[in-house]
Amino acid sequence: MHKPISPTLHGMIDYTTSVAVAAAPTVLDFPEPAAELCYALAGSYTGMSMLTDYPPAAKRMIPFKAHGVVESVIGAALPVLPWVLGFSKHQAARNFCIGLAAFTFVVAAYTDWEG
């Protein structure tokens, strides 16, 4: 299968996603637990992106494939976090987590991890 997302494009997607995740609580009026999750995700994801071995990084310390493994773990956890953190009844926050998980897996599936 052709993997159209290069490491450079993947990095640009990562930084854009971090901004969207940080903005979501305000834009979508998330409850506090969902907002805290988003801010933690955005901050840690931006930090990991800044240290990943791909062109848009500030310092290349984390192997690109390891970055992918971390993304997969986060993507797998996201759909259950609304129930674990107690905001599953807030439709926008719950659906945001599920949608972010789906987006994470689609980006991972189309990323050229060997690039």
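Above this text sits the structure in question.
Residues numbered from 1 in each chain as written. Predicted model: local features only at pLDDT ≥ 70, side-chain atom pairs only at ≥ 80, totals over all residues. Heavy atoms only, no water.

Before going further, it helps to spend a moment on the environment of Gly-68. Along the polypeptide, Gly-68 turns up in helix 3 (residues 64-77). Residue Gly-68 is classed as buried on the basis of its relative accessible area, which comes to 8%. Residues Gly-68 and Thr-104, 36 residues apart in the sequence, show an inter-C-alpha distance of 9.8 Å. (Helix = DSSP H or I, 4+ residues; strand = E, 2+ residues; numbered from the N terminus. Buried < 20%, exposed > 50% of the residue type's maximum accessible area, 1.4 Å probe, protein only.)

Scanning the model with the defined rule gives three aromatic pairs in all. Ring centres of Phe-64 and Trp-113 lie 4.6 Å apart, and the angle between their planes is 40°; this geometry places the pair in the tilted category. Of the two residues, Phe-64 sits in helix 3 while Trp-113 sits in the segment after helix 5 (91-109), which places them 49 residues apart along the sequence. As far as burial versus exposure is concerned, Phe-64 and Trp-113 are alike and both buried. (Phe/Tyr/Trp six-rings, centres within 6.5 Å; stacked < 30°, edge-to-face > 60°.)

A cluster of nonpolar side chains, contributed by Met-1, Val-106 and Tyr-110, occupies part of the molecular surface with about 340 Å² of accessible area. Here Val-106 lies in helix 5. With a relative accessible area of 47%, Val-106 lands in the partly exposed category. (Patch = residues over 30% accessible without salt bridge, like charges linked within 9 Å, V, L, I, M, F, W, Y side chains within 5 Å. Areas by Shrake-Rupley, 256 points an atom, 1.4 Å probe, with all protein chains shown as cover. Salt bridge = Lys/Arg side-chain N within 4 Å of Asp/Glu carboxyl O.)

A separate point is empty space enclosed by the protein. Under the defined criterion, the tally for this structure stands at one cavity of 30 Å³ or more. The computed volume of the largest cavity comes to approximately 190 Å³. Contributing to the lining of the largest cavity are 16 residues, with Thr-17, Tyr-45, Glu-71, Leu-100 and Thr-104 lying nearest its centre. Contributions of two or more residues to the lining of the largest cavity are made by helix 1 (7-27), helix 2 (32-50), helix 3 and helix 5. The greatest single-element share of the lining of the largest cavity, amounting to six residues, is contributed by helix 1. (1 Å grid on protein atoms, 1.4 Å probe; cavity = no way out; pocket = protein on both sides within 12 Å on 5 of 7 lines; lining within 4 Å. Points joined across faces, edges and corners; volume = space filled by probe spheres on them.)

Right, let's talk about the nonpolar core for a bit. The tendency in soluble globular proteins is for nonpolar side chains to be buried side by side. Counting 15 residues, the largest nonpolar core has Val-21, Phe-30, Leu-37, Leu-41, Leu-78 and Phe-87 as the members making the most contacts within it. Among the elements of the structure, helix 1, helix 2 and helix 5 are those that each provide at least two residues to this core. At five residues, helix 2 tops the list of elements feeding residues into this core. What Val-21 contacts, discounting residues up to four positions off in sequence, is Cys-38, Leu-41, Ala-42, Phe-96 and Leu-100. Counting residues in hydrophobic clusters, the runner-up holds five residues, among them Ala-57, Phe-64, Ala-108 and Trp-113. (Core = buried A, V, L, I, M, F, W, Y, C linked by side-chain atoms within 4.5 Å. Contact = heavy atoms within 4.5 Å.)

Looking now at helix 2. In an α-helix there are 3.6 residues to a turn, and that puts residues three or four apart on one side. Along its 19 residues, helix 2 runs 27 Å from first to last C-alpha, staying within 8% of the 27 Å computed at 1.5 Å per residue. Residues of helix 2 that are buried include every one of Ala-34, Ala-35, Leu-37, Cys-38, Leu-41, Ala-42, Tyr-45, Met-48 and Ser-49, and no others. Across the axial projection of helix 2, the buried residues extend over an arc of 170°, all falling on one side. Looking at the buried residues of helix 2, the elements they touch are helix 1, helix 3, helix 4 (81-84) and helix 5. (Expected span 1.5 Å × (residues − 1). Arc of directions from axis to C-beta.)

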